[in-house]
Amino acid sequence: MLVRRRGSAQLRNHAARGPADVYLARPGQEYSRPARWRGCYEGRRNLGSTGDDRYAYSADSARRYGSLGIEGTTYEIGFDAVRELLGDITRKTFLDFGCGAGRSTAFLRALGADYVYGVDHDRNMLEAARSREVGGATFLFADDAIPLPGESVDGAVSMSVFVEIRTLSQMARICAQVARVLRPGSPFIVESSNPMAFGHSFRSYRYPQAAESLRSGSRTPCIVTTSEGQVVIQDTFWTEDDYANSLARAGLSVIGVDYPRPRDPSAWSTDEAFVSPCLVIHAVKAVRKRELTGS
Ligand SMILES: C[S@@+](CC[C@H](N)C(=O)[O-])C[C@H]1O[C@@H](n2cnc3c(N)ncnc32)[C@H](O)[C@@H]1O
């Protein structure tokens, strides 16, 4: 049983633009897309891509990416949604998976997280993050394995990262690693590109290739505009099902999917005014039965 979180008029508006919507499943339930959206992406899958051809940031592009802030950018829409979902995180230890140049790590600290472990596989991004000198945070190299003990964090986020994952098997490995380090009952919030954002131009970045021409696993450029110049990142097209099923297979319950919009759409002259740039998935690591009963 999925629980809608918005009024039906809003749901109709979102449906008109694609599968963008908000719904919640009860904890422990299987993720299941509402019936009217099934088949939405069928025929666009391309599960055959393999190999580790990750996008590598040069020192220059890491520096440029590091100049991006949150306020007034397209990213602010996703950050606001993540903040709302996290609520009070004071005295909590967090994992920032794919910390990049440290922006999302600094965000978690500003929200009150006691300590944040930012992990990333790109050495130039890690260097940019370390140079930022975020207090109460450690930046660690993580390739396949997250270098933290099991059940050591109270929550995890991954912001603008899953769109850089190249294969579903890599996504599954990452979700399993995050599930391993989370304490039972803790959230994992994944913010990534809305599959319907491809082909759109936003204030901070644009996707020149339309969603209709892409399949799961397709590479596609994302042109990011920063105050220091452009960065062209090779992103990967994934559907909501790709993300949600990878989380569910790692034992994480998907309890909500949101396609956030700006607070005041009329203030945006770019496509944020009518299409959400991102999707935000709220997953939770299940609590074991004996922890619930206290035995
Ligand atoms: C677009 S940046 C976003 C950085 C940061 N989360 C933010 O919001 O500012 C994406 C980051 O994810 C990292 N990343 C992508 N795939 C990764 C993986 N499999 N393991 C670790 N880091 C990864 C990239 O190296 C890059 O630094």
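Computed from a predicted structure; not experimentally measured.

Q: Give a description of the packing of helix H6 (residues 168-181) against helix H7 (residues 240-249) that names residues and reports values.
A: Contact pair H6 / H7: the axes reach a minimum separation of 8 Å and the direction vectors enclose 45°. In terms of orientation, H6 lies oblique with respect to H7. Considering only the axes of H6 and H7, their crossing is right-handed. In this structure, H6 uses Leu168, Met171, Ala172 and Cys175 to contact H7, whose residues at the interface are Asp242, Ser246, Leu247 and Arg249. Looking at the contact of H6 with H7 residue by residue, the class counts come to five nonpolar, one polar and two charged.

Q: Please provide a residue-by-residue account of unusual backbone geometry, values included.
A: With phi around 55°, Glu133 is a residue other than glycine that occupies positive phi space. Topologically, Glu133 is positioned in the loop between helix H5 (123-131) and strand E5 (137-141). Its identity is not glycine, yet Glu151 carries a phi of approximately 50°, on the positive side. Take Glu151: it is sitting in the loop between E5 and strand E6 (155-159). We classify Glu151 as partly exposed; it has 14 C-beta atoms within 10 Å.

Q: I'd like a description of H6, backed by residues and values.
A: With 14 residues, H6 extends 20 Å from end C-alpha to end C-alpha; this agrees with the ideal 20 Å at 1.5 Å per step. Restricting attention to buried positions, one finds in H6 the residues Gln170, Met171, Ile174, Cys175, Gln177, Val178, Ala179 and Val181. If you follow the buried residues of H6, they end up packed against strand E3 (93-97), E6, strand E7 (187-193), H7, strand E11 (252-258) and strand E12 (278-285).

Q: Kindly report on H7, identifying the contributing residues and their values.
A: Along an α-helix, residues three or four positions apart point the same way, because every turn accommodates 3.6 residues. The buried fraction of H7 is high, at seven of 10 residues. Taken as a whole, H7 has its buried residues at Glu240, Asp241, Asp242, Tyr243, Ala244, Ser246 and Leu247. In the core, the buried residues of H7 are packed alongside H6, E7, E11 and E12. Positioned one or two residues after H7, Gly251 has a phi angle of 85°, which is positive.

Q: An account of the packing of helix H2 (residues 59-66) against H5 is requested, with residue identities and associated values reported.
A: Working note: a packed helix pair is described by the angle between its axes plus the distance between those axes. With their axes 8 Å apart at the nearest point, H2 and H5 run at an angle of 45° to one another. Between H2 and H5, the crossing angle belongs to the class labelled oblique. The crossing of H2 and H5 is right-handed. Packed against H2, whose contacting residues are Ala59, Ala62, Arg63 and Gly66, the element H5 presents Asn124, Met125, Glu127 and Ala128 at the interface. Residue composition of the contact of H2 with H5, by class: four nonpolar, two polar and two charged.

Thresholds, definitions, all that
Residues numbered from 1 in each chain as written. Predicted model: local features only at pLDDT ≥ 70, side-chain atom pairs only at ≥ 80, totals over all residues. Axes fitted to C-alpha atoms, helices over the stretch in contact; angles between N-to-C directions. Helix = DSSP H or I, 4+ residues; strand = E, 2+ residues; numbered from the N terminus. Parallel < 35°, antiparallel > 145°, perpendicular 65-115°, else oblique. Left-handed = near helix turned anticlockwise from the far one by under 90°. Contact = placed C-beta atoms within 7 Å. Nonpolar A, V, L, I, M, F, W, Y, C, P; charged D, E, K, R; others polar. Buried ≥ 20, exposed ≤ 12 C-beta atoms within 10 Å, placed from the backbone. Expected span 1.5 Å × (residues − 1).

Distances and angles like these do not, on their own, reveal function.
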